[in-house]
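Coordinate analysis (summary)
Listed below, chain by chain, are the residues.
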Amino acid sequence: QGHLVESGGGLVQAGGSLRLSCTAPARTFSRYHMGWFRLAPGKEREFVAAAAYSGGGLYYGDAVKGRFTISRDTAKYTVHLQMNSLKPEDTAVYYCGATLTNTVSIPNWKTYAHWGQGTQVTVSS
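Throughout what follows, the structure given in this document is the object of discussion. Everything numeric here is computed off the predicted structure, so don't read it as measured data. (Residues numbered from 1 in each chain as written. Predicted model: local features only at pLDDT ≥ 70, side-chain atom pairs only at ≥ 80, totals over all residues. Heavy atoms only, no water.)

Next up on the list: the overall build of the protein chain. Across its full length, the protein chain holds one helix and 11 strands. Overall, the protein chain is about 40 × 25 × 25 Å in size when its C-alpha atoms are taken along their principal axes. A total of 125 residues make up the protein chain; the buried ones form 42% of that total. Partitioning the contacts of the protein chain with sequence separation of at least 6, the portion at a separation of at least 24 is 59%. Carbon together with sulfur atoms contributes 50% to the accessible area of the protein chain, which is approximately 6,300 Å² in total. Between the centroid of the 12 positive side chains of the protein chain and the centroid of its 7 negative side chains there is a distance of 7 Å. (Helix = DSSP H or I, 4+ residues; strand = E, 2+ residues; numbered from the N terminus. Buried < 20%, exposed > 50% of the residue type's maximum accessible area, 1.4 Å probe, protein only. Contact = heavy atoms within 4.5 Å. Areas by Shrake-Rupley, 256 points an atom, 1.4 Å probe, with all protein chains shown as cover. Lys, Arg positive; Asp, Glu negative; His and termini not counted. Charge placed at Lys NZ, Arg CZ, Asp CG, Glu CD.)

Structure, rendered in structure tokens:
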């Protein structure tokens, strides 16, 4: 029911851009906050960005503020993550998730009930 499908990862040079997409079942998309996290080797899962449902707020991790933009396409039940000015330290597997938690807990990955399979983003220097 909550299956999320991600796309858009790949290899890019530092300073370049990528756009990730995550499509959710309609019922999930309309009720859940949608977020992105990333996991790099040897590091903990890190909050990247989230968009609250029903036109709520947008949230960003400190490491990506000013470079990444999250948006919701309600017609396609899809959330996009536009990543600009990419750096080698952005290299990670990026996961899309869905949560019903309160907005204060949106950056907490443990509150997310549904996840995508992950998509690799590699930024070369």
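Below, the discussion takes up the nonpolar core. Nonpolar side chains tend to gather and get buried jointly when the protein is soluble and globular. With 27 residues, the main nonpolar core has Met34, Trp36, Val48, Phe68, Leu81, Met83 and Tyr94 as its most contacted residues. Those elements that provide at least two residues to this core are β3 (18–23), β4 (33–39), β5 (46–51), β7 (68–73), β8 (78–83), β9 (92–99) and β11 (119–124). With residues up to four places along the chain from it excluded, the contact list for phenylalanine 68 reads Arg38, Val48, Tyr60, Leu81, Gln82, Met83, Asn84, Leu86, Asp90 and Tyr94. If you look at the next biggest cluster of nonpolar residues, it comprises five residues, including Phe37, Phe47, Ile106 and Tyr112. (Core = buried A, V, L, I, M, F, W, Y, C linked by side-chain atoms within 4.5 Å.)

With that settled, consider the state of the cysteines. Scanning the entire structure with this criterion turns up one disulfide. For cysteine 22, the disulfide goes to cysteine 96, at an S-S distance of 2.1 Å. Its torsion about the S-S bond being -80°, the disulfide of cysteine 22 and cysteine 96 is classed as left-handed. Pair noted here: cysteine 22 is in strand β3 and cysteine 96 is in strand β9, with a separation of 74 residues, a long-range link. Judged by its relative accessible area of 0%, cysteine 96 falls in the buried class. (Disulfide = S-S within 2.5 Å.)

A few words now on the pattern of salt bridges. Counted according to the given criterion, the structure contains four salt bridges. Ionic pairing is found between aspartate 62 and lysine 65, a salt bridge with its closest N-O pair at 3.2 Å. For the pair shown, aspartate 62 and lysine 65 are each scored as exposed. Across the salt bridge formed by aspartate 90 and arginine 67, the nearest N and O atoms sit 2.8 Å from each other. Of this pair, aspartate 90 sits in the loop between β8 and β9 while arginine 67 sits in the loop between β6 (58–60) and β7; the two residues are 23 residues apart in sequence, bridging distant segments of the chain. Each of the two residues, aspartate 90 as well as arginine 67, counts as buried. Through salt bridges with shared partners, a single ionic network connects Arg38, Glu46, Arg67 and Asp90. (Salt bridge = Lys/Arg side-chain N within 4 Å of Asp/Glu carboxyl O.)

These figures come from the coordinates and say nothing about function on their own.
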